[in-house]
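A structural walkthrough
So the chains spell out like this:
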Amino acid sequence: MEAVRKVEGRAYPWGAKNIDTDIIIPAHWLKTTTREGLGKGAFESVRAQPGNVFDDERYAGSPVLVAGDNFGCGSSREHAAWALADLGIKAVIAPSFSDIFSGNAFKNGIVPVVLPQDAVDRLVEVARTDEITVDLETMTVTTPFQDRFPFELDAFRRQCLMEGLDEIGMTLAQDTAISKFESGMAQSRPWIAVETANEGTALEATGRT
Amino acid sequence: MTVQPRTLYEKIWADHVVERRDDGTCLIYIDRHLVHEVTSPQAFAGLRAAGRPVRRTDLTLAVPDHNLPTTARVDAAGHELPIADAASAGQLSALRANVAEFGVPYIDALDARQGIVHVVGPEQGFTLPGTTLVCGDSHTSAHGALGALAFGIGTSEVEHVLATQTLLLKQSKTLEIRVDGTLGFGVSPKDVVLAIIGRIGAAGGTGYVIEFTGEVIRAMSIEGRLTVSNMSIEGGARSGLIAPDQTTFDYIQGRPMAPRGEAWERAVAYWKTLPTDPGARYDKSIVLEASDIAPSLTWGTSPEDVVPITGSVPDPESFEDPAKRVAAQKSLDYMGLTPGMRMEDVAIEHVFIGSCTNSRIEDLRAAAAVVKGHHVADRIRQALIVPGSGLVKRQAEAEGLDRIFTEAGFEWREPGCSMCLAMNPDKVPAGERCASTSNRNFVGRQGPGARTHLLSPAMAAAAAIRGRLTDVRELMSADA
């Protein structure tokens, strides 16, 4: 993953609430077996409406999206994060995010920035005319008008973003600890290991499925 | 030594910590991993690129569900029929190739056990109490019904679990949702969970793991509990746990992948230690009274937009939150509804009974009980019954439910996700309205421009018969 330290540029001034991942990328775009090229399906139903922010030339290619409460709710599809990344979005600012989406965003180098509603309202206003800066060093969102909104990120996730770390590689370095846990589990919860997996049997009992 | 009373969630969490970092992030062991065709290809590609194997194939189970058409899968000679959509076919064949390459246990589309991943897991005894269970699908919360800490993950996490059998997580806050009393006539588990989401809102559970408690939950079958836990995510919570009890043990015992013999005895003894201790504290608790819950449904485009069937379409101006006012007006425009309209006056064109929320045998029995002796209304263009698995289908056929449905004018289909998500051929056309037992009424969820009302199987059946949204109790009492 590419390291992210600062995101600066124009921003889509959207602010819509409860944007679910079906809106970010509808299901018929999920039939792909790669992570690339989903930008063209992003916000399809929104872009079908005239005057939408995503087709407004002023905001074309913006690296920041200013959104509303509960952004990324619904389906766990990581395709939503891939679609945003493919559009060139590197930070989303909203009053809150769904838990699954924010995890997916981090893993794709997109910073989910949580700010209070009044700060988000102000940024929607600024974004119509000017650039916004999200800085992971100083943990602030700033504007050319001296606005300065501090935000918080989980320390580990911030480090992963800033250093572009490979999480799987890091976890595999803990292999000894995982193996030790598995040995302990084989003693304390031996039923966890599945012995009859996929043996081709089906349950036959009246009224049960 | 005094032991601090703990919640069910805290006990499962503690038993799965491999390592704890200074900042509180924990490496959590994952006991069970369900895989389907949509969210796994990029994960397998990642493993392949890095030369990594699947660490524990025995704890992994793959089954296709999202893309599969629900029409016949084999011809009269028993040969597999091709899938018309090339992209869907490609994703399904990618799963077949990936499970073969990586040695992952797999239930194929043509296997009698195939079904929606969240129906198959419990049905096969793969889902067990006190386990951590993940899947690249947000409705993985369903498995919490058996006391598993189960949650949806993204594809990067799917790859992480395949490679390491762990995830890096921070402990969530706990939210108890207690439902006291006894459910009224005609009120189902779907109505309970819709009422809960209506109460807490679509983001009410964000950052929390829910534990559903109370008499109403205890009295529910596992099928009913699966419906409730399934929709935890629609209230923002990744997981929705229900403490394992005798109902749970009776459900699991004898299933193909469940422990047997001495292992079963040890497992049950452990599972009995899991329920929340008296005096344990939740970060937040909410109580609902069963007597306040009526047969319910959604009017808008968020699962929080819930009204009783006896209610009316709300006036956007009646919401205090200005953002909600705007959202409600947009929802009404999309749904083609006007404030004050009685829900029972809303005519429909489509009915869908299925999805990981409501496609189990009890759901089909409940729908069939309403349908029996009636016929689907003339204005209904399509009424689908899609069993959650091949085994549910077979059981329903053994009980003659398929004939009740087909004689009434419903289509009896092959198992899969079907009309829940507009990814396979089952879709609702733009501008048309569907009474659906699925879990999401989002804009475009059942097809571009499709209008969705979420409700229970019995309510969907009643809507099919009347051709409009209907209080199922009228049909039930008429038959009684």
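Being a predicted model, the structure only gives us computed values, none of them experimental. (Residues numbered from 1 in each chain as written. Chains lettered and ligands numbered in written order. Predicted model: local features only at pLDDT ≥ 70, side-chain atom pairs only at ≥ 80, totals over all residues. Heavy atoms only, no water.)

Time to look at the overall build of chain B. When helices and strands are counted, chain B shows 16 helices and 18 strands. Against the globule reference of 23 Å for 480 residues, chain B gives a C-alpha radius of gyration of 22 Å, in line with a compact fold. Once the C-alpha set of chain B is aligned to its principal axes, its extents read approximately 60 × 60 × 45 Å. Taken across its 480 residues, chain B has 66% of its residues classed as buried. Contacts in chain B between residues far apart in sequence, at least 24 positions, make up 76% of those at least 6 positions apart. (Helix = DSSP H or I, 4+ residues; strand = E, 2+ residues; numbered from the N terminus. Rg over C-alpha atoms; globule rule 2.2 N^0.38 Å. Buried < 20%, exposed > 50% of the residue type's maximum accessible area, 1.4 Å probe, protein only. Contact = heavy atoms within 4.5 Å.)

Let us look at empty space enclosed by the protein. Across all of its chains, the model carries four cavities of 30 Å³ or more by this definition. Taken as a whole, the largest cavity holds about 210 Å³ of empty space. Around the largest cavity, the lining is made up of 24 residues, and of these H66, D137, H139, L421 and R445 of chain B lie nearest the centre. A breakdown of the residues in the lining of the largest cavity according to their chemical character gives eight nonpolar, eleven polar and five charged. Here the second largest cavity is characterised by a volume of approximately 50 Å³. Around the second largest cavity, the lining residues are N70, C73, G74, S98, D99 and I100 of chain A together with T206, I233 and G236 of chain B. Counted by class, the lining of the second largest cavity contains three nonpolar, five polar and one charged residues. (1 Å grid on protein atoms, 1.4 Å probe; cavity = no way out; pocket = protein on both sides within 12 Å on 5 of 7 lines; lining within 4 Å. Points joined across faces, edges and corners; volume = space filled by probe spheres on them. Nonpolar A, V, L, I, M, F, W, Y, C, P; charged D, E, K, R; others polar.)

With that settled, the discussion passes to the interface of chain B and chain A. Taken together, the contact pairs 93 residues of chain B with 68 residues of chain A. Interface of chain B and chain A: buried area, both sides summed, is about 6,400 Å²; carbon and sulfur atoms make up 54% of it. Sorting the residues of chain B by area buried against chain A places Q42, R55 and S156 of chain B first, and these three jointly supply 9% of that buried surface. Our count for the contact surface shared by chain B and chain A stands at ten salt bridges. One salt bridge in this structure joins R55 of chain B and D175 of chain A, with 2.7 Å as the shortest N-O distance. Across the chain B-chain A interface, the total number found is 29 residue pairs in polar contact (both at pLDDT 80 or more). The greatest single-element share of the side of chain B that touches chain A, amounting to seven residues, is contributed by helix α5 (residues 155-164) of chain B. Across the side of chain B that touches chain A, the residue classes break down as 38 nonpolar, 26 polar and 29 charged. (Buried area = accessible area lost by both parts, 1.4 Å probe. Salt bridge = Lys/Arg side-chain N within 4 Å of Asp/Glu carboxyl O. Polar contact = N/O pair within 3.5 Å; in protein donor to acceptor, adjacent residues only side chain to side chain.)

Moving on, we come to the sheet that holds strand β2 (residues 11-13) of chain A. Strand pairing in a sheet relies on backbone hydrogen bonds, with the paired strands running either antiparallel or parallel. All names here are of chain A. Taking strand neighbours across the sheet as the criterion, the four strands line up as β2-β3-β4-β5 in an open arrangement whose pairing is parallel. Each having just a single partner strand, β2 and β5 (111-114) make up the two edges of the open sheet. Looking at each pair of strands side by side, their axes are set apart by 15° on average, direction ignored. As judged from the three bridges shared by β2 and strand β3 (residues 64-66), these two strands associate in the parallel manner. Following the sheet pairing, Y12 is matched in β3 by L65. (Pairing = 2+ DSSP bridges. Axes fitted to C-alpha atoms, helices over the stretch in contact; angles between N-to-C directions.)

Let's shift gears to the domain arrangement of chain B. Residues and elements named next belong to chain B. The domains assigned to chain B are domain 1 (8-169), domain 2 (173-246 + 267-292) and domain 3 (305-479). Computed from C-alpha atoms alone, the centre-to-centre distance between domain 1 and domain 3 is 28 Å. Facing the 23 residues of domain 1 at the interface are 25 residues of domain 3. Here domain 1 packs against domain 3, burying approximately 1,800 Å² in sum over the two surfaces, 61% of which is carbon and sulfur. The largest per-residue losses of area from domain 1 upon contact with domain 3 belong to T70, I116 and H139, which jointly make up 34% of the total buried on that side. The set of elements that each furnish at least two residues to the side of domain 1 that touches domain 3 consists of α3 (86-102) and α4 (117-124). With four residues, α4 is the single largest residue contributor to the side of domain 1 that touches domain 3. Residue composition of the side of domain 1 that touches domain 3, by class: seven nonpolar, twelve polar and four charged. (Domains from an automatic or database assignment.)

Time to look at the UniProt feature "domain: Aconitase A/isopropylmalate dehydratase small subunit swivel" (unreviewed entry) in chain A. Feature annotation in UniProt assigns "domain: Aconitase A/isopropylmalate dehydratase small subunit swivel" (unreviewed entry) to the following positions: residues 1-117 of chain A. A distance of 30 Å separates the end C-alpha atoms of residues 1-117 of chain A, which is 22% helix and 15% strand. (UniProt positions renumbered as here; feature names shortened; annotations may be inferred.)

Next up on the list: the environment of A3 of chain A. All names here are of chain A. Among the structural elements, A3 can be located in the segment before β1 (6-9). Here A3 falls in the partly exposed class, since its relative accessible area comes to 43%. In contact with A3, other than residues within four places in its own chain, are L161, M162, E163 and G164.

This next bit is on the confidence of the model for chain A. Across chain A, pLDDT averages 93, with 93% of residues at or above 70. A low-confidence stretch, residues 197-206 of chain A stays under pLDDT 50, and its non-local contacts, those more than four residues away or across chains, total 25 contacts. (pLDDT = per-residue confidence, 0-100.)

Residue and element names in this part refer to chain B. The N-to-C vectors of helix α2 (residues 41-50) and α3 enclose an angle of 40°; their axes lie 10 Å apart at closest approach. Taken together, the axes of α2 and α3 lie oblique to each other. Where α2 crosses over α3, the handedness of that crossing is left-handed. For the pair α2 and α3, contact is made by P41, F44, L47 and R48 and by Q91, N98, E101 and F102, respectively. (Parallel < 35°, antiparallel > 145°, perpendicular 65-115°, else oblique. Left-handed = near helix turned anticlockwise from the far one by under 90°.)

Before going further, it helps to spend a moment on α3 of chain B. Residue and element names in this part refer to chain B. Taking 1.5 Å per residue, 17 residues should reach 24 Å; α3 reaches 24 Å between its end C-alpha atoms and fits that length. Taken together, the buried positions of α3 are S88, Q91, L92, A94, L95, N98, V99 and F102. Taken end-on, α3 shows its buried residues confined to a sector of 150°, consistent with a single buried face. Turned more than 90 degrees away from the buried face of α3, the exposed residues are A86 and A100. Looking at the buried positions of α3, the neighbouring elements they touch are β3 (32-35), α2 and β4 (60-62). Once α3 ends, the next one or two residues include G103, with phi positive near 70°. (Expected span 1.5 Å × (residues − 1). Arc of directions from axis to C-beta.)

All names here are of chain B. Here strand β1 (residues 17-20) runs beside strand β2 (residues 26-29); their pairing, made up of three bridges, is antiparallel. Its bridge partner lying in β2, E19 is registered against L27. Hairpin geometry of β1 and β2 is characterised by an intervening segment of five residues between the two adjacent antiparallel strands and by a positive phi of about 95° at G24.

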